[in-house]
Amino acid sequence: MRGKLTLLAGVCASAIAFPAFAQDAQGAEEDDANVIIVTAQRSNQRLQDVPIAVSAFSSEALEKQQIKNTSDLQLTLPNVTFTKGNFTGSSFTIRGIGDLCVGVTCDSATAIHMNDAPLYATRLFEGEFYDLAQIEVLRGPQGTLFGRNATSGVVNFRTARPDLSGMAGNFEAEYGNYNSFKLKGMVNAPIGETVAVRLAGFYLNREGYTTNLFDNSKIDNRDLWGARASIRFEPSTSTTIDLMAQYFHEKDNRMRIQKQLCQRDPTGVLGCLNASRDYGTTNSNTSFVGVLTSREFLAANGIPNVFGLGSLYGPDPYATVVNPADPRVVNTDYTPTYFAEEWIVQGSIDQDLGNGLSVKLSGNWQQTKVDSSQDYNNSVQNRAVMQSGLNTLAAAAAGGIPGLPAAYFAPIAAALIPNGPTGLLCTSLTDPSGMGAYGANRQRLCSMTPQDFDRSNQDTESWSAELILSSDWDGMFNFLLGGIYGKGGMSENSYYVNSFGIDYLTGLLGTFNALGRAGVGAIPGAQVPPPGFLGTPFYRNNSDQLDIRTYGIFGEAYFKFNDQLKLTLGLRYNNDEKTVTARTTLANFLVPFGGTDMFASPYINGWAVTGAPVSSRLQPYDADPATACTINSTTASGILTSANISGCEPWQIRTVKFSEWTGRAVLDYQITPDNLVYASYSRGYKSGGVNPPLSPVFAVPEGFGPEFVNAFEVGSKNTFGNVQLNVTGFYYQYKNLQLSRIVARTSVNDNVSANVWGLEAEAIFRPTRELAINVNASYLNTKVSEDKFLSNPRDFGAGRADAVIIKDITNGANCAVASNTGSASGVNGFVNQVNTLINAGAVTGNAGANLQPTTAFPSGSGINSTGAFSICAALAGLAPTVGAGFGGVTVYSSGIPVNIKGNKLPGAPDYKFSAGVQYDFPVGDMTLTPRADFIYTGKSYGNIFNGSINRIDSYTQVNAQLQLDGPDKKWFARVWVQNLFDKDAITGLYVTDQSSGNYTNIFTLEPRRFGLTAGIKF
């Protein structure tokens, strides 16, 4: 087998790539620049003979087009986009379908493979490409050839294998702007006649792209490296054994969220408005923290409002903060951190069985870790707004407020304001014990400005084994039969939001909860809850364990009726099982100060004393709101006589199972040796999953179903002399496409059906051996095809003038109230009447909330409804009675839904166009090659609700380089520039939920980069 494989050394016409010479070991095709070998069908085939829309890049082509990482790769592919996303994720979108599902139980729509083995939660996209033999991108559903099923396509990275034919190596160094320094290298060494080893690696270090005005520092830097060791053993001409181990490591201050945009809402009901993405800051009065530390909320709960850190109707900590109108400039008092690590170990045995049969057994083990932390609002809070409340806390801690014992408030002050109300402010760190600043170990961050930051971390491990039997007979019939089994999952996945305000409110609420039970001490034998806080003192969505078991049986049969006509039939059986253990915690139950484990609190299951008033009872913690947490009690005249609880679980545990049949059929006809036409049908599948647990106040599905696609494609691959032209048309019917949205700081997923169709044309023109011109163009049309009603988080009033958008002062969420008769005055009158009752204490039992009447949003807000602060549960409870007097109203706890039928899918640009040109000038025995590439990506949308505020504008990028190659290409020197015109184009966006303020996270291209690269090879 040694020396018999034709390696890819060019790049296919399905991209804008330049086709270098395909080097055959026998030299038979050495002079044919159009012969490109791919393995898209698990065998070595000429690309122009493969009836699949596939793009391939050799290592030389990657360098020629300055494709250094995945972000660069997507620019050169038709109907393909790539963008970073929230929660350390990313989305590789092919023909409009990408990772629209966000969550721990989501499968990737685009399957990522290395050497044909599927990868799970890979960090491969974060590093640099090095020592690759080729990259193949298959567009369209896959499954009958590759072990991991996919609905949008497959990206397959093939590492360069050890070469037994002789010693070889290369080394290059690069220096560029932002003080960027990169090294890459490889050494290949045969050991005897049957063994060879190959070592490769890279290192990259650069300064940050982003200026931080807070301390004039540079953030968003990179410091990463990777290494790979490979061994090839060929004990005979019929046996090849490959082993490979790869490691990746990154630790720097790279920003996970680059910039936040907001059209500021002066009312505070929404935080950000619905008409434009301005360089503003959200109104934090709308946030969970702003609401629950407000004087209005405290008064409604019987807590002295002087402890409030502000008012819902007053200035907020971000009111005077400037958000610089530049994507590369921020103003943050928290330095981001980023850590990623990945191990990949692979092995395979290729065995020729004789008689035209061969078998391949391969295995893959993978372990990944990622941990990222960043300023949640990318801004600096003004602590002066909070000062009055801080002074009150200090006074209570010193015993200066009659009726409030210092012993209950001193622990809060010691944890959060250890140097007094004008000194350092301390915020809990992301402490897995749940104690944070209130624990015995004081896990906290202290500074002169109030902190708010988040953290996303994940640890995964997986393995898979695959067996493939295939034939290579001379007759009419051939086949491929395979099976794969894999297990994997996560031992940790958490998303935290930490804020000084959360620490403050959880300490305050816990203390007053304990104080409210003090009178129970008069009951003989009763133990009164000690001073404590409500745990956790930060938001944490935690998937403690995810277990995935998957297997598939797949195969294809090939019927070659003659030299021109061939039929391919493929079939696959899929079986997936997922078990997830998860919970969400935030101010859930009383925890005594000074402990080491929040979940060891004696009050996690509630607290009640027989003989005490029912109102003194503490609620138990329930991590699984889908099953009722029942408190079985008996009372007499408001006094508890007995109590016990059931259905209050410490974790939500769910198992889902899916099994499906999929397949494909392809008919291709070779009109001439250089002209192929084909038509295909394939059915793709992606398993469903479980949504994370949320509070019962949020109405979201518990899980989401599997995703299916029926894909129809026709194509033609042609070579006309020195012109290569490939054309493809496709039509997809998607059923239950998985779609994510943020609710209560957590991604939840829905299913929706959609239709997708498009065209792709790729051409390479080579009038002379020295000149190469490549062009590709694509068009994409995506639409939701069914009536699907979802609430738009930017506008819970759904554009209705007879609706009021409510900011709930008990949890920071939004709801909406609409008139049943179309009466704007009626629905506003109802909300105002309920607020009057709340202010009088008729609803909560505590007067003085001082909620104000409904208010109009400003002109140009994109909101037709009015808004108000109120209590959604009170509005819903009084709607049948009080609402009847105003013509009838309906309360929508999750907002008024709108029909998204006809809307375009996110991340699906309508047009893409690319063109590249290069010319080889001989300079003695050297070669000078200038090259330029132009890329255009059309407009798209950042989420399913579309509209101008969610639109991602079209953008262009121009890259150029000039390379000098020495004799026999033994050395080279290259000057290059990427993003020549320094475009800060947006590649993706993400809208947060209402309790965070509805701001928009954006992700952009990298800025202009230029530098010098030089290398040698031997």
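What counts and how
- Residues numbered from 1 in each chain as written.
- Predicted model: local features only at pLDDT ≥ 70, side-chain atom pairs only at ≥ 80, totals over all residues.
- Heavy atoms only, no water.
- Helix = DSSP H or I, 4+ residues; strand = E, 2+ residues; numbered from the N terminus.
- Rg over C-alpha atoms; globule rule 2.2 N^0.38 Å.
- Buried < 20%, exposed > 50% of the residue type's maximum accessible area, 1.4 Å probe, protein only.
- Contact = heavy atoms within 4.5 Å.
- Areas by Shrake-Rupley, 256 points an atom, 1.4 Å probe, with all protein chains shown as cover.
- Lys, Arg positive; Asp, Glu negative; His and termini not counted.
- Charge placed at Lys NZ, Arg CZ, Asp CG, Glu CD.
- Pairing = 2+ DSSP bridges.
- 1 Å grid on protein atoms, 1.4 Å probe; cavity = no way out; pocket = protein on both sides within 12 Å on 5 of 7 lines; lining within 4 Å.
- Points joined across faces, edges and corners; volume = space filled by probe spheres on them.
- Nonpolar A, V, L, I, M, F, W, Y, C, P; charged D, E, K, R; others polar.
- Phe/Tyr/Trp six-rings, centres within 6.5 Å; stacked < 30°, edge-to-face > 60°.
- Lys NZ or Arg CZ within 6 Å of the ring centre and 35° of its normal.
- Patch = residues over 30% accessible without salt bridge, like charges linked within 9 Å, V, L, I, M, F, W, Y side chains within 5 Å.
- Salt bridge = Lys/Arg side-chain N within 4 Å of Asp/Glu carboxyl O.
- Core = buried A, V, L, I, M, F, W, Y, C linked by side-chain atoms within 4.5 Å.
- Arc of directions from axis to C-beta.
- pLDDT = per-residue confidence, 0-100.
- Polar contact = N/O pair within 3.5 Å; in protein donor to acceptor, adjacent residues only side chain to side chain.
- Disulfide = S-S within 2.5 Å.
- Axes fitted to C-alpha atoms, helices over the stretch in contact; angles between N-to-C directions.
- Parallel < 35°, antiparallel > 145°, perpendicular 65-115°, else oblique.
- Left-handed = near helix turned anticlockwise from the far one by under 90°.

Here we look at the overall build of the protein
- When its secondary structure is counted, the protein shows nine helices and 55 strands.
- Taken over the C-alpha trace, the protein has a radius of gyration of 31 Å; the compact-globule value for 1018 residues is 31 Å, and the two agree within 12%.
- Here the C-alpha coordinates of the protein stretch approximately 95 × 55 × 55 Å along the principal axes.
- For the protein, with 1018 residues in total, the buried portion stands at 60%.
- Long-range contacts, defined as pairs at least 24 residues apart, comprise 70% of the intrachain contacts of the protein with a sequence gap of at least 6.
- Counting every atom, the protein has about 35,600 Å² of accessible surface; 57% of that belongs to carbon and sulfur.
- Distance between charge centres in the protein, computed from 74 positive and 86 negative side chains, equals 3 Å.

Some points on the sheet that holds strand 18 (residues 329–330)
- Across the sheet, three strands lie side by side as 14-13-18; this open sheet has mixed pairing. Two strands bound the open sheet, and with one partner strand each, they are strand 14 (217–219) and strand 18.
- One ladder, built from three bridges, connects strand 13 (residues 210–212) with strand 14; its direction is antiparallel. Note that in strand 14 the partner of Asn212 across the bridge is Ser217.

Looking at empty space enclosed by the protein
- Applying the stated criterion across every chain yields a total of 16 cavities of 30 Å³ or more.
- As a volume, the second largest cavity reaches approximately 380 Å³.
- Along the walls of the second largest cavity sit 31 residues, with Ser284, Ser287, Val289, Gly290 and Ser499 positioned nearest its centre.
- When contributions to the lining of the second largest cavity are tallied by element, the ones reaching two or more residues are helix 3 (288–292), strand 24 (477–499) and helix 7 (500–515).
- Sort the elements by how many residues they give to the lining of the second largest cavity and helix 3 lands first, with three residues.
- Per-class residue counts for the lining of the second largest cavity are 13 nonpolar, 15 polar and three charged.

Section: the packing of aromatic side chains
- A complete count under the given rule lists 37 aromatic pairs for this structure.
- Ring pairing ties together the aromatic residues Trp473, Phe477, Phe479 and Phe559, which thus form one cluster.
- Arg583 extends its terminal NZ or CZ atom over the ring of Phe599, reaching a point 3.7 Å from the ring centre.

Regarding a nonpolar patch on the surface
- Among the surface-exposed residues, Trp473, Met476, Phe477, Phe561 and Leu667 lie close enough to one another that they form a single nonpolar patch of about 460 Å² accessible area.
- A relative accessible area of 33% means that Trp473 is categorised as partly exposed.

Here's the deal with the nonpolar core
- Of all hydrophobic cores here, the largest spans 92 residues; its most connected members are Phe307, Phe409, Ile806 and Phe830.
- Looking at this core element by element, the count peaks at nine residues for helix 7.
- With residues near it in sequence (within four places) discarded, Phe409 still touches Phe307, Leu393, Ala396, Ala397, Leu404, Leu508, Thr511, Phe512 and Leu515.
- Counting residues in hydrophobic clusters, the runner-up holds 22 residues, among them Ile67, Phe129, Leu132 and Ile135.

Description of the pairing of strand 5 (residues 90–94)
- The element strand 5 is largely enclosed, with a buried count of four among its five residues.
- Alignment of strand 4 (residues 80–84) against strand 5, held across five bridges, turns out to be antiparallel. What sits directly across from Val80, in strand 5, is Ile94.

Thoughts on helix 5 (residues 387–397)
- Taken as a whole, helix 5 has its buried residues at Gln387, Gly389, Leu390, Thr392, Leu393, Ala396 and Ala397.
- Elements in contact with the buried residues of helix 5: helix 6 (406–416), strand 21 (425–428) and helix 7.
- Downstream of helix 5 by one or two residues, Gly399 has phi in the positive range, about 80°.

Quick look at the pattern of salt bridges
- Evaluation of the coordinates by the stated rule reveals 37 salt bridges.
- One salt-bridge network, held together by shared partners, links Arg123, Glu126, Arg222, Glu250, Asp252 and Arg254.

Quick look at helix 6
- Those residues of helix 6 not exposed but buried are Tyr408, Phe409, Ile412, Ala413, Ala415 and Leu416. An end-on view of helix 6 places all buried positions within 165° of arc, on one side of the element.

Some words on the sheet that holds strand 7 (residues 117–118)
- The five strands lie next to each other as 3-8-9-6-7, forming an open sheet whose pairing is mixed. Unpaired on one side and paired on the other, strand 3 (54–58) and strand 7 mark the two borders of the sheet.
- With five bridges joining them, strand 3 and strand 8 (residues 132–139) adopt antiparallel strand pairing. Along strand 8, the bridge assignment pairs Ser55 with Val137.

Overview of the confidence of the model for the protein
- Per-residue confidence for the protein gives a mean pLDDT of 89; residues scoring 70 or more make up 91%.
- Of the regions scoring below 50 in pLDDT, residues 1–34 engages in 112 contacts with residues more than four places distant in sequence or in other chains.

A closer look at the side chain of Asn498
- Mapped onto the fold, Asn498 is located in strand 24.
- You can call Asn498 buried: its relative accessible area is 0%.
- Among the polar contacts listed, one links the side chain of Asn498 to the backbone oxygen of Ser428, at a separation of 2.8 Å.
- What Asn498 contacts, discounting residues up to four positions off in sequence, is Thr427, Ser428, Leu429, Thr430, Gln451, Asp452, Phe453 and Phe538.

Considering the state of the cysteines
- The full count for this structure, using the stated rule, is three disulfides.
- The partner cysteine of Cys262 in its disulfide is Cys272, sulfur to sulfur 2.0 Å. Classification of the bridge connecting Cys262 and Cys272 rests on its S-S torsion, roughly -115°, and on that basis the disulfide is left-handed. Of this pair, Cys262 sits in the loop between strand 17 (259–261) and helix 3 while Cys272 is found in the loop between strand 17 and helix 3, placing the two residues ten residues apart along the sequence.
- What makes Cys272 buried here is its relative accessible area of 2%.
- Covalently, Cys815 is tied to Cys872 through a disulfide, its sulfur atoms 2.1 Å apart. Since a negative S-S torsion denotes a left-handed disulfide, the Cys815-Cys872 link at about -100° is left-handed.

A closer look at the side chain of Asn574
- Considering the arrangement of structural elements, one finds Asn574 in strand 27 (residues 565–585).
- Asn574 gets classed as buried once you look at its relative accessible area, which sits at 2%.
- A distance of 3.4 Å separates polar atoms of two side chains, one belonging to Asn574 and the other to Thr662.

Remarks on the environment of Gly841
- For Gly841, the position within the fold is in the loop between helix 8 (824–839) and strand 42 (855–856).
- As for Gly841 and Gly302, which are separated by 539 residues in sequence, their C-alpha atoms are 9.7 Å apart.

Remarks on the packing of helix 6 against helix 7
- Between helix 6 and helix 7, whose axes approach to 10 Å, the crossing angle comes to 170°. In terms of axis orientation, helix 6 runs roughly antiparallel to helix 7. Two packed elements cross with a definite hand, and for helix 6 against helix 7 that hand is right-handed. In this structure, helix 6 contributes Tyr408, Phe409, Ile412 and Leu416 to the contact, and helix 7 contributes Phe500, Asp503, Tyr504, Gly507, Leu508, Thr511, Phe512, Ala514 and Leu515.
- Broken down by class, the residue content of the contact of helix 6 with helix 7 amounts to ten nonpolar, two polar and one charged.

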